[in-house]
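# Descriptive analysis of the structure
Spelled out, the chains give:
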Amino acid sequence: EVILRVEDGLSLDNGRSLEAALLDFGIVPTADELVDVDYEPLVRESLVLVERSGASSRLPATITLGQVARLPVVLPPRSFHTRRVIDDAARVANLALNVAYEQRSLTTIMSLVRDGLGATVTNSPAVEQFWAPGSVVARRIVRPEITRTISLARPSKRALGVAARVVYEVMKNAAIEAIRDGRWQGKLLC
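Residues numbered from 1 in each chain as written. Predicted model: local features only at pLDDT ≥ 70, side-chain atom pairs only at ≥ 80, totals over all residues. Heavy atoms only, no water.

Looking only at helices and strands, the chain features 6 helices and 9 strands. What you see for the chain is a C-alpha radius of gyration of 17 Å, in line with the 16 Å of a compact globule of 190 residues. The buried share of the chain, reckoned over its 190 residues, is 43%. Intrachain contacts of the chain at a sequence separation of at least 6 include 76% that bridge at least 24 residues. In the structure as shown, the chain presents an accessible area of about 9800 Å², 50% of it carried by carbon and sulfur atoms. Computed over 24 positive and 22 negative side-chain charges, the separation of the two mean positions in the chain equals 5 Å. (Helix = DSSP H or I, 4+ residues; strand = E, 2+ residues; numbered from the N terminus. Rg over C-alpha atoms; globule rule 2.2 N^0.38 Å. Buried < 20%, exposed > 50% of the residue type's maximum accessible area, 1.4 Å probe, protein only. Contact = heavy atoms within 4.5 Å. Areas by Shrake-Rupley, 256 points an atom, 1.4 Å probe, with all protein chains shown as cover. Lys, Arg positive; Asp, Glu negative; His and termini not counted. Charge placed at Lys NZ, Arg CZ, Asp CG, Glu CD.)

Set out below in structure tokens:
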């Protein structure tokens, strides 16, 4: 059975499942931290600020981390990899984030952003996947840019079966295509 989870909130569970060889493979942000897992870096993705669409559609394509720090944000807890990356970038830049809400639930985060109660920081595929077109604006965070490496990972203790290998290659090619056509903001690593 081929199981693939892409959600950031599940990355810790994915990593544990990969280490225990319960998954054939997964797309994870923490592959280099896992034990008994082989991985192939796919992308150094750029994180984006997602805000409810306002009256002005002429927002710049980028926003500085200093500007993000002045906005109320809705973030997951530190058990989520994305949150640790964001907090680490803010700490290095000597900035304190204005965390208005901390939520584990992706649905709740989406609702709070959609209702204009705060912005959030995520990756670009999540914008297309979770919000209706035109309901939010996504801007790449710069100065400093917030990035993380996303990899395809599989347990090193067993080889992929034929079906899993085919799906692995399909997922890899889909990721490459999304990066090349701009649906996934970041730098291709494979």
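Applying the stated criterion to the full structure yields 14 salt bridges. Asp87 serves as the salt-bridge partner of Arg78, at 2.8 Å between the closest nitrogen and oxygen. (Salt bridge = Lys/Arg side-chain N within 4 Å of Asp/Glu carboxyl O.)

This part is about the packing of aromatic side chains. Taken as a whole and judged by the stated rule, the model has 1 aromatic pair. Here Phe25 and Tyr168 contribute two aromatic rings whose centre-to-centre distance is 5.4 Å and whose plane-to-plane angle is 75°, an arrangement assigned as edge-to-face. Residue Phe25 is found in the loop between helix H1 (11–19) and strand S1 (26–28), and its partner Tyr168 is found in helix H6 (residues 162–180); the two are separated by 143 residues along the sequence. Residue class for Tyr168 comes out buried when judged on its relative accessible area of 5%. (Phe/Tyr/Trp six-rings, centres within 6.5 Å; stacked < 30°, edge-to-face > 60°.)

For the rest of this paragraph, the subject is unusual backbone geometry. Generally, phi is negative for residues other than glycine and the peptide bonds are trans, each holding for most cases. Cis geometry marks the peptide bond from Arg143 to Pro144, where omega comes out at -5°. By the element assignment, Pro144 lies in the loop between strand S7 (136–142) and strand S8 (147–155). At Asp36, a position not held by glycine, the phi torsion is positive, near 60°. Note on placement: Asp36 falls in the loop between S1 and strand S2 (37–52). As for its position among the elements, Arg143 is in the loop between S7 and S8. A relative accessible area of 67% means that Arg143 is categorised as exposed.

A contiguous nonpolar patch, built from Val162, Val166 and Val170 and spanning about 300 Å² of accessible area, is present on the exposed surface. Of note, Val166 is situated in helix H6. (Patch = residues over 30% accessible without salt bridge, like charges linked within 9 Å, V, L, I, M, F, W, Y side chains within 5 Å.)

Structurally, Arg139 can be placed in strand S7. In this structure Arg139 comes out as buried when scored by relative accessible area, which is 7%. Within polar-contact distance, the side chain of Arg139 engages the side chain of Glu51 at 2.8 Å. Excluding anything up to four places from it in sequence, Arg139 contacts Val48, Leu49, Glu51, Leu59, Pro60, Ala61, Thr62 and Ile63. (Polar contact = N/O pair within 3.5 Å; in protein donor to acceptor, adjacent residues only side chain to side chain.)

Attention now moves to the side chain of Ser151. Along the chain, the position of Ser151 falls in strand S8. Residue contacts for Ser151: discarding those within four places in its chain leaves Gly26, Ile27, Val28, Ala31, Tyr39, Glu40, Pro41 and Leu42.

Let us look at helix H3 (residues 81–92). In a regular helix each residue adds 1.5 Å, so 12 residues correspond to 16 Å; H3 covers 17 Å between its end C-alpha atoms and thus fits that length. Residues His81, Thr82, Arg83, Val85, Ile86, Asp87, Ala89 and Ala90 constitute the buried set of H3. Immediately beyond the C-terminal end of H3, within one or two residues, lies Asn94, with a positive phi of roughly 60°. (Expected span 1.5 Å × (residues − 1).)

This part takes up the environment of Glu169. Checked against the element boundaries, Glu169 lands in helix H6. Measuring from C-alpha to C-alpha, the distance between Glu169 and Leu18 comes to 18 Å, with 151 residues separating the pair along the chain.

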